[in-house]
Amino acid sequence: MTATAVRPVVTDAKPAPARRRTGAGLGLVAWLLGIVFFLPIAWMALTSFHSESDAATNPPSFAASLTLDGYREFFGADGGASPWPALANSAVASIASTLFVLVLALPAAYALSIRPVKKWTDVLFFFLSTKMLPVVAGLLPIYLFAKNTDMLDNIWLLVILYTSMNLPIAVWMMQSFLAEVPVAIIEAARVDGAKLPTILVRVVAPIALPGIAATSLICFIFSWNELLFARVLTGVVAETAPVFLTGFITSQGLFLAKVCAASLVISLPVLAAGFAAQDKLVQGLSLGAVK
């Protein structure tokens, strides 16, 4: 019998203490970055509960007494304008445009991923190139069009604009999400007699739901925060929340606490939507990253 030599197994794995130290270091860096990003929001929230005189002190007074005067002024308790119409207009414009974007982007992304057309990469580049034009460059033609069609100060004009602005980025994002849908499932549904609308709604959409949620959230945020078109094309009837917020910034008087209170209230829908869809957002943005 011959003796068989046993070769030692060499691994590149780090020892457990080293791995723990690396993980602890990365965790500490993540916490520090999170605190840095959270500090401006915390500062804004704290300032909103101060009086105007305390909010304007330099350096700021962290131990100042708290009050709700800024929120009372924002909601019109002292006879000022009510923010509810502006908030309702922002909600209508953002939600309606996001729904229209999804209805249009889903079949377009399906055609560019699962059933690709010829030169589909050129089509995607064309969609992306539409975002390269500065928004201000198209402001005057759009204003003249809205004026000649009597659509100034109309919330549905903003819905159309936000839909057209968000559609290219939505198609680009959803194309990469839908590319991960197994083709065999779609072929099986087609063999069972399912038509294209049924396939999109009952087969493709549930599988790509995290990607659709991520796309919806991004489109909603872009629409909610848009200011330039809303500032120029709206007046009183279709005024949105960001436009209403700019009315608090004046050259006379103290307004810092009131602006912070208004900014926090207007930011709450976006923060709430992001918190509610955070699991889907992470899944959608990482879809296809790990095979």
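About the cut-offs
- Residue positions are given per chain, counted from 1 along the sequence in the order it is written.
- Thresholds applied to this predicted model are a pLDDT of at least 70 for local features of residues and 80 or more for the giving and counting of side-chain atom pairs; totals over whole chains, interfaces and linings are not thresholded and use all residues.
- Note that the side-chain values use all heavy atoms of the structure and ignore hydrogens as well as water.
- Lining residues are those with an atom within 4 Å of a point, where the points come from a 1 Å grid over the protein atoms alone and group into cavities, where a 1.4 Å probe fits but cannot get out, or pockets, open sets with protein on both sides within 12 Å along at least five of seven lines.
- Grid points are joined across faces, edges and corners, and a volume is the space filled by probe spheres set on the points.
- By the criteria applied, helices consist of DSSP H or I runs no shorter than four residues and strands consist of E runs no shorter than two, each listed in order from the N terminus.
- When residue character is reported, Ala, Val, Leu, Ile, Met, Phe, Trp, Tyr, Cys and Pro are called nonpolar, Asp, Glu, Lys and Arg charged, and the others, Gly included, polar.
- Here a polar contact is recorded for every N or O atom pair within 3.5 Å, except that within protein the pair must consist of a potential hydrogen donor and a potential acceptor, and residues adjacent in sequence are included only if both atoms are side-chain atoms.
- Throughout, a contact is declared for two residues whenever any of their heavy atoms are within 4.5 Å.
- Here is the rule: rings of Phe, Tyr and Trp (six-membered ring for Trp) pair when centre to centre is within 6.5 Å. Planes less than 30 degrees apart are stacked, more than 60 are edge-to-face, and the remainder are tilted.
- Accessibility here uses a 1.4 Å probe with only protein chains present; expressed as a share of the type maximum, an area under 20% marks a residue as buried, one over 50% as exposed, and anything in between as partly exposed.
- Buried Ala, Val, Leu, Ile, Met, Phe, Trp, Tyr and Cys residues form a nonpolar core when they are joined through side-chain atoms within 4.5 Å.
- Counted as salt bridges are all cases of a side-chain nitrogen of Lys or Arg within 4 Å of a carboxyl oxygen of Asp or Glu.

(A) Representation of the layout of surface pockets. Considering only enclosed or pocket space, the largest pocket measures out at about 430 Å³ in volume. In terms of lining, the largest pocket is formed by 17 residues, of which the most central are Thr130, Lys131, Val135, Met165 and Phe229. With six residues, the single largest contributor to the lining of the largest pocket is helix H7 (residues 155–178). Here the residues of the lining of the largest pocket are counted per class, giving 10 nonpolar, five polar and two charged. What the second largest pocket holds in volume is close to 180 Å³. Taken together, Ile41, Met44, Trp224, Asn225, Pro242, Leu245, Ser263, Ile266, Ser267, Val270 and Leu271 make up the lining of the second largest pocket. Listing elements by their share of the lining of the second largest pocket, those giving two or more residues are helix H1 (16–48), helix H10 (209–225), helix H12 (241–246) and helix H13 (256–276). The leading source of residues in the lining of the second largest pocket is H13, at five residues.

(B) Broad picture of the environment of glutamate 187. Here glutamate 187 is to be found in helix H8 (residues 183–191). Spatially, the C-alpha atom of glutamate 187 lies 9.7 Å from that of isoleucine 199, the residues being 12 residues apart in sequence. A distance of 3.1 Å separates polar atoms of two side chains, one belonging to glutamate 187 and the other to arginine 190.

(C) Looking closely at the side chain of threonine 47. When you line up the elements, threonine 47 lands in helix H1. Separated by 2.8 Å, the side chain of threonine 47 and the backbone oxygen of tryptophan 43 make a polar contact. Contact partners of threonine 47, with chain neighbours within four places excluded, come to Ala55, Leu256, Ala257 and Cys260.

(D) Representation of the packing of aromatic side chains within the structure. Tallied over the entire structure, the rule returns five aromatic pairs. Ring geometry for phenylalanine 74 versus phenylalanine 244: centroids 6.0 Å apart, planes at 70°, classification edge-to-face. Placement of the pair is phenylalanine 74 in helix H3 (residues 69–74) and phenylalanine 244 in helix H12, with a sequence separation of 170 residues. Pair check on accessibility: phenylalanine 74 and phenylalanine 244 agree, each one buried. What links up through ring pairs into an aromatic cluster is the set Phe74, Phe75, Trp84 and Phe244.

(E) Spatial organisation of unusual backbone geometry. Although it is not a glycine, aspartate 150 adopts a positive phi angle of roughly 60°. With respect to the helices and strands, the residue aspartate 150 is situated in the loop between helix H6 (139–148) and H7. Notably, aspartate 153 is not glycine yet its phi reads approximately 60°, a positive angle. As for its placement among the helices and strands, aspartate 153 is situated in the loop between H6 and H7.

(F) A look at the nonpolar core. One finds Tyr110, Met174, Leu178, Ile186, Val204 and Ile212 to be the most contacted residues of the largest nonpolar core, which totals 26 residues. Where this core is concerned, the elements lending two or more residues are helix H4 (84–113), H7, H8, helix H9 (196–207) and H10. The element that contributes the greatest number of residues to this core is H4, accounting for seven residues. If you look at the next biggest cluster of nonpolar residues, it comprises 19 residues, including Leu87, Phe244, Phe248 and Val259.

(G) Up close: the pattern of salt bridges. The full count for this structure, using the stated rule, is two salt bridges. The salt bridge involving arginine 72 is made with aspartate 69; its shortest N-O contact spans 2.8 Å. Taken together, the residues arginine 72 and aspartate 69, both in helix H3 and three residues apart, mark about one turn of the helix. Take arginine 72: its relative accessible area is 41%, and that puts it in the partly exposed class. Residue glutamate 187 is joined to arginine 190 by a salt bridge in which the shortest nitrogen-to-oxygen separation is 3.1 Å. Residue glutamate 187 and its partner arginine 190 are located together in helix H8, separated by three residues, close to a single helical turn.

That is the geometry; function is a separate question.
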